[in-house]
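The primary structure of each chain is shown beneath.
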Amino acid sequence: MKRSCLLSAFILLVLSILLLSGCSSHSPDEGADEPKVVTLGVWKNDAILPTVNAFNAQQEQFQIRLVIYDSLELMQTELMAGKYCDLYLLEMDNSAMAAKSLFVDFMPRVEETLKNTENEVVPELLDAMTVNGALMQIPYSFSIGTCMGLQQYFDGHGISLEDAKQALNDHAHPIFPEEWKLKARNIASKVSSVSGIFFVDRSKEEVQFQKSEFEEYLKFWMDGWAVQQSQDIDSDLGLLIPTFIGDPGEPPAEGYVYTGYPTLENMPAGSYFSFGTAFSIISGSKNVDEAWEFIRFCLSPEQQRSVREGMPVNSRVLQERIDERIESKEITETDAQCFYELLDETEWVRASPEITDIFSEEISACFEGNRQVEEAAKMIENRLNLFLAESREY
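In this report, the structure presented in the accompanying data block is examined. (Residues numbered from 1 in each chain as written. Predicted model: local features only at pLDDT ≥ 70, side-chain atom pairs only at ≥ 80, totals over all residues. Heavy atoms only, no water.)

Moving on: the nonpolar core. The biggest cluster of nonpolar side chains holds 58 residues, and the ones touching the most others in it are Leu-40, Ile-48, Phe-142, Phe-279 and Phe-294. Ranked by the residues each element gives to this core, the list is headed by helix H10 (residues 288-298), at seven residues. Excluding residues within four positions of it along the chain, Ile-48 makes contact with Leu-40, Val-42, Leu-66, Leu-89, Phe-279, Phe-294 and Cys-298. Core analysis: the next-biggest nonpolar cluster, separate from the first, contains 45 residues, Ala-184, Phe-198, Leu-264 and Ile-380 among them. (Core = buried A, V, L, I, M, F, W, Y, C linked by side-chain atoms within 4.5 Å. Buried < 20%, exposed > 50% of the residue type's maximum accessible area, 1.4 Å probe, protein only. Helix = DSSP H or I, 4+ residues; strand = E, 2+ residues; numbered from the N terminus. Contact = heavy atoms within 4.5 Å.)

Structure representation (structure tokens):
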């Protein structure tokens, strides 16, 4: 498993030990005349520094201090010494966090201080991230992972696996754009990402799929790809094009509609919210109110208007961005309406890196011709059960 993908499980493990043992936070002792220090832990990235500086410039009671971890070894040393930060901006498993008591539940504070204010977060995003009534993370920006499908076969967002199979049977063109023909790893990555979302219920700490259903899902992609490899099809009109929406209201390619990935019967439409890092507050922090005040600052219109990588999570700024794009004729009113409908119908959240890696390693072996679908499905099931069993131990 990649070193960066060990971060989530590592933090959950060490923090559970530290908090249960009553260790103190990373914040140093302040002098009587010195403002309180609230620590913000980040992983190899200081992109949040301008926001921290802007906050500190207008705040006298306390200051945010950035703690940048450049290696797992450094983080381990700090944590084992009992020096955890007050809040983090990291990539951690949202659902797994909800199953623990290591982090502050944001939901009461969201209801009291954000709802129906200028700092309100996109409701659909919060709904998707709320697990068993608890909200453990709030991202700074987001995107939507989805699929575009040929308009001649699909009406709009939300298609079943049977819909996709029928369209592929009727389609005289490849399942993917011709430029993807030699990109088996790229295709495997997309299939792995959504498989980790659709077939694992992390909030219940269990694998939720019947192996035969997963095999059917994987075979659909494998069969379509195999046909594309074996035939000399000269066409860029792939049936499905996996993509991300990082600009609000962005229209699909000409001749396509946003469909989401095909899903099994009784599943929601196959689009999902994606984000790299998100804020979380350690439940053992003595500076929870101060940490929340900083998060609120990051969610304010002034700060969210500066978001350029992905879409702002502030609902009013998101609306502003769409209005600006309509006014500048980047998008149309119809494009905006389609985006709002897709946003309203998006219920999934991207899977954790650890779970995605399990799917990716086994599915990639299938696309490379080194493993049969049935064998990969069994391996994935065994590895997921082992991973989830180990995660329950802390």
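Past the structure itself, the notes keep going.
Before going further, it helps to examine helix H12 (residues 315-327). When the terminal C-alpha atoms of H12 are compared, their 18 Å separation across 13 residues agrees well with the 18 Å that a helix rising 1.5 Å per residue should span. For H12, the complete set of buried residues consists of Ser-315, Val-317, Leu-318, Arg-321, Ile-322, Arg-325 and Ile-326. For H12, the elements touching its buried residues are helix H6 (123-129), strand S5 (141-150), helix H11 (301-304), strand S12 (311-312) and helix H13 (333-345). (Expected span 1.5 Å × (residues − 1).)

A few words now on the packing of helix H5 (residues 107-114) against H10. Geometry of a packed helix pair, given as the angle between the helix axes and the separation of the axes. Closest axis-to-axis distance for the H5/H10 pair is 12 Å, and the angle between their directions is 55°. Comparing their axes, H10 and H5 come out oblique. Judged by the twist between their axes, the crossing of H5 over H10 is right-handed. Within the contact between the two elements, H5 uses Arg-109, Val-110, Thr-113 and Leu-114 and H10 uses Val-288, Asp-289, Trp-292 and Arg-296. Along the lines of polarity and charge, the residues of the contact of H5 with H10 split into four nonpolar, one polar and three charged. (Axes fitted to C-alpha atoms, helices over the stretch in contact; angles between N-to-C directions. Parallel < 35°, antiparallel > 145°, perpendicular 65-115°, else oblique. Left-handed = near helix turned anticlockwise from the far one by under 90°. Nonpolar A, V, L, I, M, F, W, Y, C, P; charged D, E, K, R; others polar.)

Between helix H9 (residues 211-230) and helix H14 (residues 353-367), the least distance of the axes is 11 Å, while the angle of their chain directions is 40°. With respect to their mutual orientation, H9 and H14 come out oblique. As H9 packs across H14, the resulting crossing turns out to be right-handed. For the pair formed by H9 and H14, the contact residues are Phe-214, Leu-218, Trp-221, Met-222 and Trp-225 on the first element and Phe-359, Ile-363, Cys-366 and Phe-367 on the second. Looking at the contact of H9 with H14, its residues break down into nine nonpolar, no polar and no charged.

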